[in-house]
Structures are given as structure tokens and as C-alpha cells.
Amino acid sequence: MTRYKSLILLGLFAVIAFACKDGYIDGISKVDPGTDNGAPIVEINYPMEGALVQDSLEISPIVFKFTATDDIEVENVVVELDGTEIANYSTFTDYRIVKKDVDYATLEVGSHTLTVTATDLEGNTSVASVNFLRVTDLGMVAPLPNEIFYMPFDGDDVNRFAYRINNATIVGSPGFDANGWQEEAYKGAEDAYLTVPFDGLQSDEFSAAFWYKVDATLARSGILVVGNDIAENRNQGFRLFREGNETEQRIKLNVGTGEGETWNDGATIDPTAGEWVHVAFTISGSECVIYFNGEAVNTGTLANTIDWTGCNELTIGAGGETFSYWDHLSDLSLYDDLRLYNTALTPEEIKSVMADVPEVLESETLYMSFNGDYTIQNVAETVGTPSYTDESVYREAYQGATDAYLTLPVVGMLTSEFSGAFWYNVDATADRAGILTIGATTDNREQGFRLFREGNATEQRIKLNVGTGGGETWNDGGLIDPTAGEWVHVAFTISGTECVIYFNGEAINTGTLANPIDWTGCSELTIAAGGETFSYWDHLSDNSIYDELRFFGKALSQAEVKAIYEAEK
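Not measured: the values here are computed from a predicted model.

(A) Layout of the overall build of the protein. Of the regular secondary structure elements, the protein holds 4 helices and 38 strands. For the protein, with 569 residues in total, the buried portion stands at 53%. Sequence-distant contacts in the protein: of pairs separated by 6 or more residues, those separated by 24 or more amount to 67%.

Given below as C-alpha cells:
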């Protein structure tokens, strides 16, 4: 056999040589690449301009992504973070299209600038930059202090599955749907799901909440499962799952209590409606409750608290290794904004979580946490000498001072409806002061608004004035006691017909508008003073403390104002 193989190989070599001699195979010739028509094109794919990179760590890893293309050849690409080079590339697999992921292990909290510079063979250079902010203050993204886990499902990078965990594992090929409840959503697929380590997430009380659009192509599936490694043992962990048909899917819960288990038969969802449903469940020491859209639909009684023995992994979108029997396999449904809590949430807290997204987040036009000067994002200007204080709602707060305040441009903030919300610890050293002001000219109150206070050492009234073009509206608001030294959540909303002031989520007073707010000539926001347009009547600087300031491009509902208050208190 060896002799025959040798003869065959010799024959093949002879054929190849003959073919080359007679021109059957073209020779390699140089092709003129043409004229270099310009500089490279650089695109930073992540993060985006103005992005808020959120994490619970003070220093965290991040993966920067960019693409550089040139019509002839990219010679070199330099990546800089805040002016310091962090990567330099000159060798590429494809010299015309360069795609790179840049691993950076020590991104600190604060404001950052990522710059990518690409140069081609002719020396043509292009530069792309994005400014972004990394925070540990999750703000509206973390609605309650007992939240221990959050997955927004925004993006196709596994490291963005869980901002706080950053180590989810993908099984199979799930995807993303652009039409999520908030932005993108997790889209299930056959034989596909996610797993996340569950160590450190166990507690005697437990809750989960997420947005869900059910797909009944498969009659049943697992949804969220935490079990131990013993097959068909339901005495530990929990199993949230669905069973039904094309017109009716029942969401059920099973909870292991050590020596036994509890079943909660939940309620049904209509898959044909194609609607998002907010699903939540709570597990206390004595009961488990399932909620749809903020309302309790069924309760089960527990003989003991939940038992986590041997439970070390959360499965999302399937029954997984511990609950795939009875055909509780993968789920083709859509999931968005999954949150876990180490307490049994109250009905009010579940409604707060539900109300938090997406409308409030999508309409937010300004957020200032006052956690050090980086949150001003190099836009606000400081007048006088204000400072920061640890006496805050979260981390640090703005501390007012005599003749001190902040100003910043109002580009993108001026809408026909408007709302503001912040935490306020009033100081009555000056018996009156401006708080938030957007005006046009001095002594003219027919444009913009003025939120301010007036009173004495024991009683300060928060008032609002709104300009409507040909006139103005006054709202006399309500009273705060400065001697109490307490934080009060202050909010105000301006619709086309009325303005409302809220304290701690409750409406205090309403004013009627003859016309919508008029922003003509308004270009600047003043924080903690009356500023250039409302310093008369002694509405000067404010010595009070401010925290978590937010503006919105809509008139928030009372439920939304309440949700913000509940989220941050």
C-alpha cells in the first residue's frame, strides 16, 4: 500500500508542475492599491458619548471597543484614557478594518475621556473622543437599598449582563431584542439560558422583580431557578416557572423549606396579548407572594424559612441543571430589568420598583449627585465657595455658603412640560433664598421658573413661580421646619395647565397655569441662589444642603414622584 501511495503522490506532483508550466495557474502579480483618499475613520463603539457606566466597586474593569477603517491601510492606532496612553497597535490581521477590544482593569469612579487616534500610511490622522461618567451611585437604576443584583440586559456583551456581578455565563445562543421594556431585552432561545453564581445572595427573606413578555411556543419552561445539585429535590432554593398553552400561561412558584416545599399556583398571563407584565415574588419567613403589575395575585404559606443548603447558582431563562424535569426547559420569552433583593418587599415597594422604569429614566434631562465635583461633568460653573459635605442622602451632598452657587447651561432641558426633584436639608440662617432658578432677564418673571424659600428660623415656606409668557403663576407650596434638621424630598411638576409642589412624595399645593411655561430668553440654570435673574427681594444664596438633583422633560405623575422618593430615601 505504501508503494501505491508513493506513485499516486508522484503523479499529482507531475500534474501540478505541468499545469503551472502551461499557465493553468495564474502567477501572483502586484495590484496597485490606488490613491489614498483621506484620513482613517474612527468610531468608538463603547462607551458612547455621555454614557453612565455603573458599578458597585470603587475601581472596576471595563472593556473599551473601537473600529478604525482606512481605504488603503491603517498604520497605527493609539488609545488614551484621560490623556494617558493605555494601548498602542501597529500590527493588524486586516489593515483596512481594525476592530479592537481594549481591556482596562482599573477604571476609577469619576468623569473620563476616551480618545482613539488612527494614522494611515500617508500620515493622515483621525481622532475620536467620548466623554463618559463612571459611578457607584446607581441612582434611579438601583431603586431600593436592599437590592443585591441587577441585570439590565442592554447590549450583547456578557460583561454587561450584570453590572454588579460581571461574570454571567451564557449557555446556548440567547439573544437581545431591541424592543425591550426600557432599552434592549434578553430574548430566550431553545436550549439557551444564563447562569450566575449565587454565593452571597442568600438571605432569610428574598424577592425578585422583572419585566416579562411571555412566549408560549414551548408550553412550559423554567424562568428563574436556584436549586441544589440533587436531581428532583425541591426542598432547597426556589423555582419560578410557567405552564400552560398558547392562550394561557400560569406563572408558578415552588419554595424549598428544608424538610419540605411550598407551592404557589400564581396566576395566568395571556400570551396572545403580546404585552409586557411586571412579575415579582417575595419570600418571607412565613409566606411567598406572587405579584403581577404591582398587585398580589396569590399567596403560599411556608412552614419554615427558605433553605439555601447546596444552592450556589442562579439559572435565568430555563429550569437548568436542577429543574429541567417535567419539561421545564429553556424559555423563548423576553426578560428585562431583573432585580433581586435580600428582603421581602412590601406591595408599596414593588409598585415603586415597577414605576421606576422606563418613563422616568427616559425623560431625565439632568442628574447631579453632588458626590465630589466630577458629577458636575465640567459643565457647571462655581460662584463663590460652596463645598461638599458627608451629611448626605448618599455619599456626599452640596453644601451651600454665603454668596455661593452653581450655574450651568440649560441646553436640552427646556421642554413644554418640566419637573425637578431633589433632597433638601434647609438652613434658615438667611431667612430667604433662591433654590433653583431659570430666568430670562432681571425683574421679569414671565419666562422660566423660580423655586425659592421664605420664612424664619422655625418655619420656611417653599414656593414656586412659573412664567407663562404674558403672565405668571404663583404656587405657595408648603412649610418645612428648619429646627428639625431633617432631609425632605422636594419635587415640583409643571404641565401645560398646572404646577404642583411635593414633599416626600405627597402633593402639597397646586397652582393653575393660564398657558404653558415660556422659556424665551432662558439660557442658564442657577442652583442654590436666585442668581442673575431673581436675586431681588433678597432671594440670594442658600446655605442649605442639596443632594440627588434631577430634572425631567415631562410633568411627572404623583406615582412617579413617589417612586423617586421611595427609591432614594
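Alright, that's what it looks like, and here's the rest.
(B) Representation of the sheet that holds strand 33 (residues 472-480). As summarised here, the arrangement of the 7 strands in space is 25-28-37-30-31-32-33, forming an open sheet in which the pairing is antiparallel. Both outer strands of the open sheet, strand 25 (381-383) and strand 33, are each paired with one neighbouring strand and no more. The average angle at which neighbouring strand axes cross in this sheet is 20 degrees, direction not considered. With 7 bridges joining them, strand 32 (residues 460-467) and strand 33 adopt antiparallel strand pairing. Counted as the bridge partner of Arg 461 is Leu 479 from strand 33.

(C) Spatial organisation of the sheet that holds strand 1 (residues 41-46). Taking strand neighbours across the sheet as the criterion, the 3 strands line up as 1-3-6 in an open arrangement whose pairing is antiparallel. The two strands at the open ends of the sheet, each matched to only one other strand, are strand 1 and strand 6 (97-108). Each strand of the sheet is rotated relative to its neighbour by a mean of 25 degrees, with strand direction disregarded. Alignment of strand 3 (residues 59-69) against strand 6, held across 10 bridges, turns out to be antiparallel. Looking at strand 6, one finds that Thr 69 is bridged to Ile 97.

(D) Region of the structure containing the nonpolar core. Counting residues in hydrophobic clusters, the biggest one holds 41 residues, and the most contacted among them are Leu 224, Phe 238, Phe 281 and Leu 340. Here Leu 224 is in contact with Ala 208, Phe 210, Phe 238, Arg 239, Leu 240, Phe 281, Thr 315, Ile 316 and Leu 338, once residues within four sequence places are set aside.

(E) Region of interest: unusual backbone geometry. Following Tyr 46, the chain continues into Pro 47 via a peptide bond in cis, with omega recorded as 0 degrees. Its place among the elements puts Pro 47 in the loop between strand 1 and strand 2 (52-54). A positive phi angle, near 65 degrees, is found at Asp 327, a position not held by glycine. Of note, Asp 327 is situated in the loop between strand 22 (313-316) and strand 23 (334-341).

(F) How the structure looks around the packing of aromatic side chains. On inspection of all chains with the given rule, the structure shows 39 aromatic pairs. Summarising the aromatic geometry, the rings of Phe 418 and Phe 492 are spaced 6.2 Å apart at their centres and angled 35 degrees between planes, so their arrangement reads as tilted. A residue pair is termed long-range when its members are at least 10 positions apart, and Phe 418 in strand 29 (residues 418-425) and Phe 492 in strand 34 (residues 488-494) qualify at 74 residues. Residue Phe 492 is classed as buried on the basis of its relative accessible area, which comes to 0%. Here a set of aromatic residues connected by ring pairs shows up, and it is made of Phe 153, Tyr 186, Phe 210, Tyr 212 and Tyr 335.

(G) Summary view of the pattern of salt bridges. Counting across every chain of the model gives 14 salt bridges. The partner of Asp 337 in a salt bridge is Arg 339, and the shortest N-O contact between them spans 4.0 Å. Just as Asp 337 is buried, Arg 339 falls in that class too. The closest approach of N and O atoms between Glu 364 and Arg 550, which form a salt bridge, is 2.9 Å. Taken together, the positions of Glu 364 in strand 24 (residues 364-368) and Arg 550 in strand 38 (residues 545-552) put the pair 186 residues apart, joining distant regions of the chain. A residue is classified by how much of its surface remains accessible, and Glu 364, at 24% relative accessible area, is partly exposed.

(H) The environment of Tyr 394, seen in detail. With respect to the element layout, Tyr 394 can be found in the loop between strand 26 (387-389) and strand 27 (397-399). You can call Tyr 394 partly exposed: its relative accessible area is 33%. With 24 residues separating them in the primary sequence, Tyr 394 and Phe 370 have C-alpha atoms 9.1 Å apart.

Rules and cut-offs
- Residue positions are counted from 1 within each chain, in the order its sequence is given.
- Residue-level local features of this predicted model are given only where pLDDT is at least 70; pairs of side-chain atoms are given and counted only at 80 or more, and the full residue set underlies all totals for whole chains, interfaces and linings.
- Computation of side-chain values: all heavy atoms of the structure, hydrogens and water removed.
- Working definition: helices are DSSP H or I runs of at least four residues, strands are E runs of at least two. Numbering for both runs from the N terminus.
- Categorising residues by exposure relies on relative accessible area from a 1.4 Å probe, with only protein chains included: less than 20% of the type maximum marks a residue as buried, more than 50% marks it as exposed, and the intermediate range marks it as partly exposed.
- Here, two residues are considered to be in contact whenever any of their heavy atoms come within 4.5 Å of each other.
- A pair of strands counts as paired when DSSP detects no fewer than two bridges linking them.
- Axis geometry follows a simple rule: fit a line to the C-alpha atoms, using only the stretch in contact for helices, then measure angles between N-to-C directions, giving values from 0 to 180 degrees.
- By convention a nonpolar core is built from buried Ala, Val, Leu, Ile, Met, Phe, Trp, Tyr and Cys residues, the set being connected through side-chain atoms within 4.5 Å.
- To pair, rings of Phe, Tyr and Trp, with the six-membered ring standing in for Trp, must have centres within 6.5 Å; the planes then decide the type, stacked if under 30 degrees apart, edge-to-face if over 60, and tilted in the middle.
- For this document, the term salt bridge refers to a Lys or Arg side-chain nitrogen within 4 Å of an Asp or Glu carboxyl oxygen.

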